[in-house]
Amino acid sequence: MSPRRNRPRRPSDDEPSPDRPGITEQRVQQWQDGEWMVRSIFGAAAVKTYRCPGCMQEIRPGVAHVVAWPADGWGDMADRRHWHTGCWRGRDRRTPGVERSRNAPRYG
């Protein structure tokens with residue numbers, strides 16, 4: 001029996017090399033409100049702080065999340081939104097949130 005070799009496998013020429021490690025390829029997802037281009041961001045690739053439109057909480061650096069934008073071709077880079085993965089998956093079950101200040105009344 002010969003000893004095991006622990007050499008890293010060399011990528012062949014026909015395999016695509018990832019340009020940005022930690023970020024998946026974009027894909028189209030259909031929801032009730034239309035088609036969305038979605039890309040997953042791993043924790044190691046998340047380096048900035050974003051505000052999740054689903055829960056209005058911060059997505060801190062190092063937290064895996066999802067980036068989504070409309071797939072209709074009308075959107076641009078400004079239409080991209082960073083979501084917590086759970087907020088993105090459950091957004092069709094969530095009612096539209098209304099941002100209020102702490103002193104605003106909860107009724108009316």
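For the structure itself, consult the block above.
Residues numbered from 1 in each chain as written. Predicted model: local features only at pLDDT ≥ 70, side-chain atom pairs only at ≥ 80, totals over all residues. Heavy atoms only, no water.

Visitor: Quick question: what am I supposed to make of the packing of aromatic side chains here?
Guide: The relation between two aromatic rings is expressed through the spacing of the ring centres and the mutual angle of the planes. The full count for this structure, using the stated rule, is 2 aromatic pairs. Between Trp-36 and Trp-88, the aromatic rings sit 6.0 Å apart at their centres with planes inclined by 80 degrees, giving edge-to-face as the arrangement. In this pair, Trp-36 is assigned in strand β2 (residues 34–41) and Trp-88 in helix α1 (residues 85–89), connecting sequence segments 52 residues apart. For the pair Trp-36 and Trp-88, a shared accessibility class is recorded, and that class is buried. When the centroid spacing of 5.3 Å and the interplanar angle of 70 degrees are considered together, the rings of Trp-83 and Trp-88 count as edge-to-face. (Phe/Tyr/Trp six-rings, centres within 6.5 Å; stacked < 30°, edge-to-face > 60°. Helix = DSSP H or I, 4+ residues; strand = E, 2+ residues; numbered from the N terminus. Buried < 20%, exposed > 50% of the residue type's maximum accessible area, 1.4 Å probe, protein only.)

Visitor: Explain the environment of Gly-43 to me, please; I cannot follow it from the model alone.
Guide: When you line up the elements, Gly-43 lands in the loop between β2 and β3 (50–51). Along the primary structure Gly-43 and Arg-60 are separated by 17 residues, whereas in three dimensions their C-alpha atoms are 9.5 Å apart. Every residue in contact with Gly-43, bar those within four places of it in the chain, is listed here: Gly-62, Val-63 and Ala-64. (Contact = heavy atoms within 4.5 Å.)

Visitor: For this particular structure, what's the right way to read the nonpolar core?
Guide: Side chains of a nonpolar character, in soluble globular proteins, are inclined to be buried together. Within the largest apolar cluster, 9 residues are counted, these being Trp-36, Val-38, Cys-52, Ile-59, Val-66, Ala-68, Trp-83, Cys-87 and Trp-88. Of all the elements in the fold, those that place two or more residues in this core are β2, β5 (65–70) and α1. In contact with Val-38, other than residues within four places in its own chain, are Glu-25, Gln-26, Arg-27, Gln-29, Val-66, Val-67, Ala-68 and Trp-88. Counting 5 residues, the second-largest nonpolar core is a separate cluster that includes Met-37, Ile-41, Ala-46 and Trp-69. (Core = buried A, V, L, I, M, F, W, Y, C linked by side-chain atoms within 4.5 Å.)

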